[in-house]
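These are the residues of each chain, in order.
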Amino acid sequence: MPTLAQDEGRPRNKTASSTSPRFGERTQCMAARSASSAGGSAGGRSPRGTSPSNTIETSACTSTMKSYVGPVLLRKLSWRPAPFASMAGTVRLLVLNGKGLDTRGSTEESRTYFRSSAQLSDYDAHIRATASELGVAVEHLQTNDLDECIRLLSGTDADAIVINPAGFGKEPALVECIAALRKPVFEVHYGNFFAKGATSLVTAACNGLICGAKLSSYSAGMRAAVEALKPSPFDHPPPEK
Ligand SMILES: O=C1C[C@@](O)(C(=O)O)C[C@@H](O)[C@@H]1O
């Protein structure tokens, strides 16, 4: 059982990948999911060129649900419906929480170590509220399985990604996966993990990093991801007309 410090990316004795189940061994993972969109623009024209819709999408995964706590579902991700299927014209964000976020804030040890009582359902509520504020569609997922994490990132049809790698922060396979994505990816962390002597390898593959702003790291990351989809007047060389 890894300690919280090991989960945070401090040096370990064995390689992280050796502790991950192989793809196919695992059939279930903890996922917090929300897919929502709200009216209004994402602060400008959608990169897809059509106006945002006002649809609210909710999970359709009740048949595989093993437990339900607010928006937090335990279910088979292989049954996951295309989350953004009915959201043409709306900016789509994937917010992915990595290893350990499923239990964050649920034990005194975690609350003390991360100085936070926020649990995954609180993260989910914050992410949904931000999506609604920004007028974007969002899918919020959490997994403790590295292969699943990579599969979700590579397979998503989201326009941009916000990720808290948490316990996956030192996984070269995740770095490689993110580096190969052709869409904006922002890394976020609730706390300032640098202050505890931890580091993340993932940062170098991302467009940017936001940490230490508590749950607002997520809203800032989502806003940054939306902005990254739009051309800036300061882009150099300027985009071709
Ligand atoms: O699990 C976590 C939480 C964290 O990602 C954060 O959100 O503050 C910081 C990471 O270093 C750590 O592994």
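On a predicted model such as this, the values are computed, not experimentally measured, just so you know.

Here we look at helix α3 (residues 120-134)
Taking 1.5 Å per residue as the helical rise, α3 with its 15 residues ought to reach 21 Å, and the 21 Å between its terminal C-alpha atoms agrees with that figure. Once α3 ends, the next one or two residues include G135, with phi positive near 70 degrees.

What to know about the site of the ligand
Neighbouring residues of the ligand: ten residues in total, closest R104, N164, H189, Y190 and G191. Contacts to the ligand include H189, whose side-chain N or O atom sits 2.7 Å from an oxygen atom. One of the backbone N or O atoms of Y190 is found 2.6 Å from an oxygen atom in the ligand. Here the shell around the ligand is built from residues that sort into four nonpolar, three polar and three charged.

Details of the pattern of salt bridges
Per the stated rule, a full pass over the model turns up seven salt bridges. Among the salt bridges present, the one from R92 reaches D157, with a minimum N-O distance of 4.0 Å. Highlighted residues: R92 in strand β6 (residues 92-99) and D157 in the loop between α4 (146-155) and β8 (160-166), separated in sequence by 65 residues. Given the relative accessible area of 33%, D157 is considered partly exposed. Close ionic contact of D159 with R92 constitutes a salt bridge, the shortest N to O distance being 3.4 Å. Of this pair, D159 sits in the loop between α4 and β8 while R92 sits in strand β6, and the two are 67 residues apart along the sequence.

Details of the pairing of β8
For β8, a buried count of seven out of seven residues is recorded, marking the element as mostly surrounded by other parts of the structure. Going residue by residue along β8, you find A160, V162, N164 and A166 tucked away on one face and I161, I163 and P165 tucked away on the opposite face as well. As paired elements, β6 and β8 share six bridges and run parallel to each other. Each bridged residue has a counterpart across the sheet, and for V95 the counterpart in β8 is V162. Pairing between β8 and strand β9 (residues 185-189): three bridges, direction parallel. Each bridged residue has a counterpart across the sheet, and for I163 the counterpart in β9 is E187.

Criteria and cut-off values
- Residues numbered from 1 in each chain as written.
- Predicted model: local features only at pLDDT ≥ 70, side-chain atom pairs only at ≥ 80, totals over all residues.
- Heavy atoms only, no water.
- Helix = DSSP H or I, 4+ residues; strand = E, 2+ residues; numbered from the N terminus.
- Expected span 1.5 Å × (residues − 1).
- Near = heavy atom within 4 Å.
- Polar contact = N/O pair within 3.5 Å; in protein donor to acceptor, adjacent residues only side chain to side chain.
- Nonpolar A, V, L, I, M, F, W, Y, C, P; charged D, E, K, R; others polar.
- Salt bridge = Lys/Arg side-chain N within 4 Å of Asp/Glu carboxyl O.
- Buried < 20%, exposed > 50% of the residue type's maximum accessible area, 1.4 Å probe, protein only.
- Pairing = 2+ DSSP bridges.

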